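Residue-level structure breakdown
Each chain, written out:
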Amino acid sequence: MKNNIGVIIEARLNSSRLPNKHLKVILDIPLIVHLFTRLKKVKNISKIILATTDSKRDDKLENLAKKNKISVYRGDEYNVKKRVIEAAKKFKIDIIISITADCPLIDNNLIDYCLQNFLHNKLDYINNLDYPGLPGGMNCQIFYTKTLIKSYKLCIKNKLNLEHPTLFILRNKKLFRTFSLRPNINLFYPNLRYELDTIDDYKEMKQIAVYFNTKKIKFSDITCNELINYSIAK
Amino acid sequence: MKNVLIITARSNSSRLKNKHFLKINNKTIIQILVDRLKYLNNYSNIVIATTTNPEDDKFQLFCKKNKIDCFRGSENDVTGRVLKAATLYKAYYITLITGDCPLVDLSIIEQLYEMIKINKYDFVTNSDLRSYPDGMDVQIFKRSILNEIYKTKLTKLEKEHVTLSIRRKKNKYKFFNLVAPKNLYWPELAVTLDEINDYYFLKEIVKKFSNNLRMISCEDIINIIRKNKKLLKLNNYIIRKGDN
């Protein structure tokens, strides 16, 4: 039977450092919509799901997702693990590609690469986020829904594990077949980061967008390699 | 945890005798390979594992001149030869390279070494299922698993191809085969030295690369060939011998 592969984006607007960050606009488009556009290029997936909270504040995220034909699941704000599992169950996803909305510049080619290696090696879990490695903001994790459910049952009493859905898997490598990819030297830039945490990150992303726009490269098409070259030249 | 780089090579290759001593820009193929490998970090020794045949004395001379180690063993039991070399040099990890891949990408070797270490795996390779071009093959594994499997009865083919017995039972091990990213995916391309036309092909690539050969990467080679598609006609008809 063919596995159903889906991207699940974790996002909420109630961020302490930069409230409403996913709605911030770059080239007239909210950042979360740039991320949607990017993720639509990932190969072999059947669905993209926004997993956000049931708080009223996140209605705006739901509306934007729906307008862009992205599925939505709303669940517990703090028990992210439960939220992700429920989202996967609702949309019958067997393999979860987990992305956080803080990474609107994640290179979809890197996601394809992770997925190919995950499937070929019959793993329970793969990531590319071992530090030091890729620039920040290029992170993805891929795992079976059943792996996440198994880990949920084993760690249900630990609050930290519920907030970080895959922490338990990473800390119990004997229970799961896991692998961390290491980047090739040409993408090894641990000191660079393209994440959206602060107002300065937003300003930086705006500059990136403007620069690549003059080269007729869309914000959602910029690759990790191009970002690195841009940052080095600066 | 010592990582020993082992290059398997012998003069008496069925298709192209003495191939490692063919020259490109006045440098033999084996010299090009060894000069490049010396730029790697994270290894304790480079060992050429060749046969006890008198005609392979020249590998011993070559090693001496280049201040690397030479190990001589059985011609047909290559698995045993590699294991004995690794044991002699007290390897924890064996990084296996074949002598006919002079342009193997150093950054892929480093990348795979990082992966086996960080993940504490038994075996990491990019060539169990080919996705990178032929000639980029790297296999890194714990000496202990080769030691273990060598105690079982290996077939003739399993003795000829060092890691075949392990790869046939890969579910028993923590085994990872790296699939190439899209920009390096070209399994039909051969940058290896099997026949004389491969030699002409390698020569052309080296000629087109103006920088230090150490720097040449898989991506550079792919770019050179994309810009000079005619080059492919030189060797793309050759059928490669596999071990499966």
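Residues numbered from 1 in each chain as written. Chains lettered and ligands numbered in written order. Predicted model: local features only at pLDDT ≥ 70, side-chain atom pairs only at ≥ 80, totals over all residues.

Re the overall build of chain B
Per the secondary structure count, chain B includes 10 helices and nine strands. Its C-alpha atoms give chain B a radius of gyration of 17 Å, within 12% of the compact-globule value 18 Å for 244 residues. A principal-axis box enclosing the C-alpha atoms of chain B has dimensions of 50 × 40 × 35 Å. When the 244 residues of chain B are sorted by exposure, 45% land in the buried category. Partitioning the intrachain contacts of chain B with sequence separation of at least 6 by distance along the chain shows that 70% fall at a separation of at least 24. (Helix = DSSP H or I, 4+ residues; strand = E, 2+ residues; numbered from the N terminus. Rg over C-alpha atoms; globule rule 2.2 N^0.38 Å. Buried ≥ 20, exposed ≤ 12 C-beta atoms within 10 Å, placed from the backbone. Contact = placed C-beta atoms within 7 Å.)

Some words on the pairing of strand β6 (residues 93-98) of chain B
Walk down a regular strand and you will see the side chains alternate between the two sheet faces. Residue and element names in this part refer to chain B. The buried count for β6 comes to six of six residues, which makes it a mostly enclosed element. Because side chains alternate across β6, one face comprises the buried residues Tyr-93, Thr-95 and Ile-97, and the other comprises Ile-94, Leu-96 and Thr-98, equally buried. Bridge count between strand β1 (residues 3-8) and β6: six bridges; the pairing is parallel. From the neighbouring strand, Thr-8 faces β6, where its bridge partner is Thr-98. Bridge analysis of β6 against strand β8 (residues 139-142) gives four bridges, and the strand direction is antiparallel. Paired with Thr-95 across the two strands is Ile-140, which belongs to β8. (Pairing = 2+ DSSP bridges.)

Quick word on the sheet that holds strand β9 (residues 175-177) of chain B
Residue and element names in this part refer to chain B. Strand order across the open sheet formed by seven strands is β5-β4-β1-β6-β8-β7-β9, with mixed pairing between neighbours. The open sheet has two edge strands, β5 (69-73) and β9, and neither has a second partner. Here the average twist between neighbouring strands, direction ignored, is 20°. Helix α5 (residues 143-150) contacts β6, β7 (123-125) and β8 of the sheet and is inclined by roughly 75° relative to β8. (Axes fitted to C-alpha atoms, helices over the stretch in contact; angles between N-to-C directions.)

Quick look at helix α3 (residues 78-88) of chain B
Three or more residues of α3 of chain B are buried, namely Val-78, Thr-79, Arg-81, Val-82, Leu-83, Ala-85 and Ala-86 of chain B. Downstream of α3 of chain B by a residue or two, Lys-90 of chain B has a phi angle that is positive, lying close to 55°.

Details of unusual backbone geometry
Cis geometry marks the peptide bond from Tyr-131 of chain A to Pro-132 of chain A, where omega comes out at -5°. Inspection of the secondary structure puts Pro-132 of chain A in the loop between β7 (125-127) and β8 (141-144). A positive phi is found at Leu-27 of chain A, a non-glycine position, where the angle reads about 50°. The backbone phi angle of Lys-120 of chain B is positive, close to 50°, even though this residue is not glycine. Relative to the assigned elements, Lys-120 of chain B resides in the loop between α4 (106-119) and β7. Lys-120 of chain B gets classed as exposed once you count the C-beta atoms within 10 Å, which come to 9.

Considering the interface of chain A and chain B
Across the boundary between the two partners, chain A contributes 14 residues, which contact 14 residues of chain B. Every element with two or more residues in the side of chain A that touches chain B is listed here: α4 (108-120) and β9 (178-180) of chain A. Top contributing element to the side of chain A that touches chain B by residue count: α4 of chain A, with six residues. Residue composition of the side of chain A that touches chain B, by class: four nonpolar, seven polar and three charged. (Nonpolar A, V, L, I, M, F, W, Y, C, P; charged D, E, K, R; others polar.)

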